[in-house]
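Residues per chain are reported as follows:
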Amino acid sequence: MVEQRNGGNHPTASNGAAGGASGVYVIDASTLVRRLKSLYFHWREHREELWGSCNAFVVATPPPSDDLRYLKSSALNIWLLGYEFPETIMLFSDKQIHFLCSQKKASLLDVVKKSAKEAINVDVVMHVKAKNDDGLTQMDTILTSIESANSGILGHIAREAPEGKLLETWTGKMKSSGLQLCDITNGLADLFSVKETGELTNVKKAAYLTASAMKQFVVPKLEKVIDEEKKVTHSSLMDETENAIARPDTIKVKLKRENVDICYPPIFQSGGNFDLRPSASSNDDHLYYDSASVIICALGSRYNSYCANVARTFLIDSNATQSMAYQVLLKAHETAVGVLKPGIKANDVYKAALAVVEKEAPEFTSNLTKSAGTGIGLEFRESGLNLNEKNERVLKAGMVFNVSLGFQNMQTKSSKAKSQNYALLIADTVVVTATSHEVVTLLSSKAFKDIAYSFNDGEEEDERAQVKVDSNRNRNEALYSKATLRSDNHEMSKEELRRQHQAELARQKNEETAQRLAGGTTATGNGRSSSRTSNDLIAYKNINDVPPRDLMIQVDQKNEAILIPLYGSMVPFHIATVKTVSSQADTSRNCYIRIIFNVPGTPFSSQDPNSVKNQTDIFLKEVSFRSKDPRHISEVVQQIKTLRRNVVSRESERAERASLVTQEKLVLAGNKFKPIRLTDLWIRPTFPGRGRKLPGTLEAHDNGFRYLTSRADERVDILFGNIKHAFFQPAEKEMITLLHFHLHNHIMVGNKKTKDIQFYVEVMDVVQTLGGGKRSAYDPDEIEEEQRERDRKNKINMDFQNFVNRVNDLWGQPKFKEFDLEFDQPLRELGFHGVPHKASAFIVPTSSCLVELIETPFLVVSLSEIEIVNLERVGLGQKNFDMAIVFKDFKRDVLRIDSIPSTSLDGIKEWLDTTDIKYYESRLNMNWRAILKTITDDPQNFIDEGGWEFLNLEASDSDSDGSQESDQGYEPSDVEPESESEDDGSDSASLVESDEDEDGSEEEDGSEEEEGKTWEELEREATNADREKGDASDSEEERKRRKMKAFGKSRAGPISSAPKRPKFRR
C-alpha cells in the first residue's frame, strides 16, 4: 500500500492501439456527455464549499511514468475521457473548455467538441503545440481568455507538484498571471466518491481478481513453503504474487491481461517487523514461520484503473493471546463492515469497531489503528473518505471503501525474539448499496479456522514445559501443569488429551441434546405416507365397450382386464383386483384355474383404495374353473401374471414419483458458456432394461448436471440445489475412479428412486488368463501391459480431477454460495474395514462424512447429523468391535457397522475426537431401539439422569468402586483391587439385559449355591479348554485372580448399591 502513487499502467491516449477492437482510440461519446453534465453540475452546485469559489479550473496531466502513483489529474482523465492524456492541459470555464496538447492528441479529442456543445452548451478550443515548442504562446492565449471573461479565481490541484517542462512552465505562468488561485482537490474527490454502475462493475472485477490471487496463489504458496520448510524472502514472494496478478489465467480468472495491473507491490511481513501504514513494503528478510509467528499479506489489484484491496493475517501455531486478539479484531472488522450503509457518518464506522475492542479486550485499545479504512476507486486512497474518528462525512450508495483494521505493536511471551512482537491486519473492499453493503472480496476467507495453522503441534507445549514455575505458585498447580504436558521422552499423552477433550464434548453434547429435547425437535421425519392415491379402477366405461367374446376366461391387455364367464355373461375384472392366480391338474387330465381377488377384511394384505371406499358392496372373493385344455389354462395364467406384474410395476413407479419433491428445471448452458463435460462414464444405479448398457456423458450446465447416453430415454438431471454432498474418489487400490452425489431429495433413475447417484470409469480391464501358465516377471510384454494400465489409470484420474476443479470454480460463483458445494475427497489413510450392510467394505472418512462408495448399497453418513458414537464389544480380548452411530433424529434407526478390526480402534478414536464427535465404549451390544424409545417417551428423565453419561464406563466404574468399598464382606481380603475395566463388567452387562433376564434374576441368585458347579470343576474345564486351543500362557497367579474376581462378582451381585437405570435396560 503506497502513498502518492500514480497508476503507472493507466491506458494512455498516446499508445493508440489500446482503444477499440480496430486498434484506433475511441472516446465513448455517451459516457463523455453524461460525465460532462455531472462535472459541471457538481462544480456549479458546490462551487463555494468544495471548489474554492473558482470561476474556472485547470487540470494539468504530467508525462507518463513507470512508477505507481495516484494523481487527481490522471483520475479525471480516466473518469471523463476513458484514457489518460499525458502532457495535456485542460481548462474548464462556464463558456469554454481549452485543451493544450500535441497535434495527435488534438485529433483524438475532436469528439469532445460535439459532446460538450450537446451536454452543457460549452465551446471546445484546441491549442495545438508543436513537438519542440514550449507552448508559451498558447498559454498566454488561454490566460488572456480567462482574464477577458472576468474570471478572477482560478482553481487548480495544488497538492500535485508539476512534472516535466510543459507543466513547470504552465505553473510559472499561472502564478505570475495575477489571478487568485485556489485548490479544487476536495471538489474532484467528492465528484469521484459515488460510482456509477459501470465503475462498480470494474471495482468488483478487480476485487474478484484480488481475492482469487489471495485464495488461489498466496495461501497455497505459503502452505507449501511452511510445510516443506523452505527458505524464501518476502521480496521473492512479492514478485511471484505480482506475476500471478498480472496473468489472471494462472489463478483461474478470466480477465484480459491488458486490463489488469497491481495497485501496489504485494506486501509480505513476518519475523517481528510489521508496518501497517499504507506506505509499507516487502523487505528481503526470509519468511518467518516458527511457533507463535504471524504473517501479514496485503494485495491490491486494478481492473480498467479501478482498485480493490484485501489483507489477511495468518497465525502459525498461535498461542491463546494471539488467537483471542485475532478473534476480537475479526469481530471489530465485521462490525465495522456491518455498519456501512447510506445515511451514516464515516466516523460511525470507526466508533463501532472501537466499541467492540473496548468491550471485548480493552487492553488492546491502544494498539488499534487510528482509522478503519479509506475510500477506494480510481485512487487507492480517496481523500475525504477516511473512516476515522473525526470525519463526519455522510455515506451514500455507490461509495466504495477499503475497510482496514489492525492491531499494531502487539507483544507476546515467547522464547524466540522474532515471535515476541507481532501485528494483525484485516482488510476488505466493500461497496455501499442502496440499502446496505456488499463485501466484494468475500472469496478470500478471514475466518479463524481458515487463517490459523498448526504445523508443529508440540512446540508450544515444549516451551511451556521449560518455563520455571513461580515460587509462590501452589505445588498442586505445578503438578497439574506437568501432568498435562509431555512426558520425559517428549511424547504427548494422546489418550489423556483425548479424554479431556471427550469430557468437554460430553458436557456440550448433553447441553445440546437437552435443549433440543426441551424444544420438542427430536426428529423431523420424512413426512411421506405409505399409502398411494390412485384413480378409480375402471376397465370399461359402459357395457357396450366390453368386446364380444366366447364364454371362456380371456385377458384384455389393452384395457388391463380379465373377462370371466359367470352365469352365461362375460364379467370384466380390472387386473388390479386380482390377488393371486394359480392352476392345478388332476389325474383325470382335467385342469383347474383358481383366481383370488382383493376384498376388504383380508388380514395381512394391502387394501385397494376402491375396496375400502365401497365397503358396503358385495365382493367376489375367488372363482375356480375346470377345463380340459391345459394349454389354454397355462396361457391364461401366464398372461394374468404378466399383466398384473406390469401394472403393479407401473403403479409402484407412479407412487414413487408422486412422493418426489418437485424441483426446478435444468437451465442448459446455451450461449452463456460451454458446458463442462466428462465422457465415457457408467452410472449407478443403472437404467432398467435388458439391452446392452451404454456409457454416457456428464455435463455441468447453468444450475445442475445432466447425464445422458445415446438412448433418448436414458437421461438424468441433478440440480446443484439438490446436492447435499459431492465426492471425488480417484482409483488408488480400487478398480474404478468415481464421482458420487448424495442428494437432499430423491430423484428417479429410470424407474428407480434414489438419493445416491454415482458416475464411474473402470481404470483397468478385469482380465483372467486362461490356461493358468505363469509368465516371467521380466517378460517385456507383461511390463509393457502394466505400464499401459498405469498410464490409463493416471489419465483417467487426471481427467476426473480437471472436471472436478472446473466444477469447483463454477460453484465458487456468488450465486452458488448458499449451496456451500465443493467436491470432497475420501481420506484413505483414516479408512477401516467393517460391515455396514451385509458384506465387508472399506469405509473411509472425508472432511464432512463417513462414506463407502465402492460396494452397493452405498454408505454416506453426514457428520453433522451424528449425535454420538458408541463403540461396542470393546476389550475382553476381542479381535473385532462394532460401531453404533446414533443420529440427532432419534426416530431414525441407529446405524451399525459391525466387525471392525480392533487394530483400527485407536485410529477411529483419534478421528472421532478430531472431528468433535463424542464417543463412548461398551463391552456388549446395546438395544438401541428400546433405548431411543425410552428417551423420546420421557426426555426429561433422560436429561435429569445425566443424558448420555449412562454410557460412560468411567462414571459407572467409580460408582461400582464405591459400592464395593462399602460392602467388603463379599470380597476375599487377600485379593488385590482389580482394574476399573474389570470391575464394571456387570454394570455394562446390565445395560443390555433382556426382560427375561431381569425377571429371572432373583430366582437365579437364590438357587446359585445349589445349581452352580464347584470352582474346582470350573477350573478343570477351563484348563482342558485351554489345552485344546493350545493357549496355556496364563500364569497360575492370573487364573487365581480371575477366579477370585468372578467369585466376588457372583456373590456381590444381588445387593450391589450401584445406581440402576431400569429405563435403559434391554
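In case you missed it, the structure is sitting above this.
Conventions used here
- Residues numbered from 1 in each chain as written.
- Predicted model: local features only at pLDDT ≥ 70, side-chain atom pairs only at ≥ 80, totals over all residues.
- Heavy atoms only, no water.
- Helix = DSSP H or I, 4+ residues; strand = E, 2+ residues; numbered from the N terminus.
- Buried < 20%, exposed > 50% of the residue type's maximum accessible area, 1.4 Å probe, protein only.
- Contact = heavy atoms within 4.5 Å.
- Areas by Shrake-Rupley, 256 points an atom, 1.4 Å probe, with all protein chains shown as cover.
- Pairing = 2+ DSSP bridges.
- Salt bridge = Lys/Arg side-chain N within 4 Å of Asp/Glu carboxyl O.
- Axes fitted to C-alpha atoms, helices over the stretch in contact; angles between N-to-C directions.
- Parallel < 35°, antiparallel > 145°, perpendicular 65-115°, else oblique.
- Nonpolar A, V, L, I, M, F, W, Y, C, P; charged D, E, K, R; others polar.
- Disulfide = S-S within 2.5 Å.
- Polar contact = N/O pair within 3.5 Å; in protein donor to acceptor, adjacent residues only side chain to side chain.
- Left-handed = near helix turned anticlockwise from the far one by under 90°.

Student: Mind showing me how you'd approach the overall build of the chain here?
Tutor: Tallying secondary structure elements over the chain gives 30 helices and 37 strands in all. Of all 1066 residues assigned to the chain, the portion counted as buried reaches 44%. In the chain, of all internal contacts separated by at least 6 residues, the share reaching a separation of at least 24 is 68%. When the accessible area of the chain is evaluated, it comes to approximately 56,400 Å², of which 48% is carbon and sulfur surface.

Student: Got a minute to help me understand the sheet that holds strand β22 (residues 676–684) in this structure?
Tutor: Neighbouring strands of a sheet are bound in pairs by backbone hydrogen bonds; such pairs are parallel or else antiparallel. Read across the open sheet, the eight strands follow the order β25-β24-β23-β22-β28-β27-β26-β29; overall the sheet is mixed. Here the strands that pair on one side only, and so sit at the sheet edges, are β25 (715–719) and β29 (823–824). Sheet topology note: the strand β24 (residues 704–708)/β25 ladder contains five bridges and is antiparallel. The residue bridging Tyr707 from the neighbouring strand is Val716, located in β25.

Student: Could you clarify how one ought to interpret the pattern of salt bridges in this entry?
Tutor: Scanning the entire structure with this criterion turns up 48 salt bridges. The salt bridge involving Lys446 is made with Asp428; its shortest N-O contact spans 3.0 Å. Here Lys446, found in the loop between β14 (437–439) and α13 (448–451), pairs with Asp428, found in strand β13 (residues 421–432); they are 18 residues apart in sequence, far enough to count as distant. With relative accessibility at 12%, the residue Lys446 sits in the buried group. Its relative accessible area of 0% is what places Asp428 among the buried residues. One salt bridge connects Glu511 with Arg507, and the closest N-O pair in it is separated by 2.9 Å. Placement of both Glu511 and Arg507 in helix α16 (residues 494–518) is noted, with a separation of four residues, approximately one turn of the helix. A relative accessible area of 40% means that Glu511 is categorised as partly exposed.

Student: Is there a simple way to explain the sheet that holds strand β1 (residues 56–61) in this structure?
Tutor: The mixed open sheet is built from six strands, whose spatial order is β4-β3-β2-β1-β5-β6. Bordering the open sheet on either side are β4 (123–128) and β6 (180–183), each of which pairs with just one other strand. With strand direction ignored, the average angle separating the axes of adjacent strands in the sheet is 20°. In this sheet, strand β2 (residues 88–93) lies alongside β1 in antiparallel orientation, the contact comprising six bridges. Looking at the pairing, Phe57 lines up with Phe92 of β2. In the packing of helix α1 (residues 29–45) onto the sheet, contacts are made with β1, β2 and β3 (96–101), and the angle to β2 comes to roughly 60°. Together, β3 and β4 form the strand contacts of helix α4 (residues 111–120), whose direction differs from that of β4 by roughly 155°.

Student: What should I look at first to understand unusual backbone geometry in this one?
Tutor: Leave glycine aside and you will find that most residues have negative phi; peptide bonds, for their part, are mostly trans. A cis amide bond links Arg684 to the next residue, Pro685, at an omega of 0°. Mapped onto the elements, Pro685 comes out in the loop between β22 and β23 (696–700). For the peptide bond that leads from Thr856 to Pro857, omega is -5°, which places it in the cis range. In the Ramachandran plot, Ala292 falls in the positive-phi region, its phi being about 65° despite a non-glycine side chain. Its place among the elements puts Ala292 in the loop between β8 (267–269) and β9 (293–303). On the basis of relative accessible area, Ala292 is assigned to the buried category, the value being 7%. Although it is not a glycine, Asp317 adopts a positive phi angle of roughly 45°. Tracing the backbone shows Asp317 in the loop between β10 (306–316) and α10 (320–339). A relative accessible area of 6% places Asp317 in the buried class.

Student: In this structure, what is going on with the packing of α1 against helix α2 (residues 72–81)? I would like to understand it.
Tutor: Helix-helix packing: each pair is described by the crossing angle between the helix axes and the interaxial distance. Interaxial distance between α1 and α2 falls to 8 Å at its minimum, and their mutual angle equals 130°. Considered as vectors, α1 and α2 are oriented oblique to each other. Seen from α1, the contacting residues are Leu32, Arg35, Leu36, Ser38 and Leu39; seen from α2, they are Ile78, Trp79, Leu80 and Leu81. Residues belonging to the contact of α1 with α2 are distributed by class as follows: seven nonpolar, one polar and one charged.

Student: I would appreciate a short explanation of the state of the cysteines in the present structure.
Tutor: Every disulfide links exactly two cysteines, by a covalent bond between their sulfur atoms. Summed over the entire model, instances satisfying the criterion amount to zero disulfides. No disulfide involves Cys182; its sulfur sits 4.5 Å from the nearest other cysteine sulfur, which is in Cys54.

Student: So what exactly am I meant to see when it comes to the pairing of β22 here?
Tutor: Within a regular strand, side chains alternate between the sheet's two faces. Sheet topology note: the β22/β23 ladder contains four bridges and is antiparallel. Bridge pairing in β23 links Ile676 to Ala700. The sheet contact formed by β22 and strand β28 (residues 752–762) spans three bridges and is antiparallel. Residue pairing for β28: Arg684 is matched across the bridge by Gln758.

Student: Explain the side chain of His234 to me, please; I cannot follow it from the model alone.
Tutor: Along the polypeptide, His234 turns up in helix α9 (residues 234–246). Within the structure, the side chain of His234 is placed 2.7 Å from the side chain of Ser270, a separation counted as a polar contact. In this structure His234 touches Phe268, Gln269, Ser270, Ser282, Asn283, Asp285, His286 and Leu287, once residues within four positions along its chain are discounted.

Student: When you look at the packing of helix α8 (residues 197–227) against α9 in this model, what are you seeing that I'm missing?
Tutor: Interhelical geometry of α8 versus α9 gives an angle of 140° and a closest axis separation of 10 Å. Here α8 lies oblique to α9, going by the angle between them. For the element pair α8 and α9, the recorded crossing hand is right-handed. Residues Leu209, Ala213, Phe217, Val218, Lys221 and Leu222 of α8 pack against Leu237, Glu240, Thr241, Ala244 and Ile245 of α9. Classifying every residue of the contact of α8 with α9 by side-chain character gives eight nonpolar, one polar and two charged.

Such coordinate-based values are descriptive only and should not be taken to indicate function.
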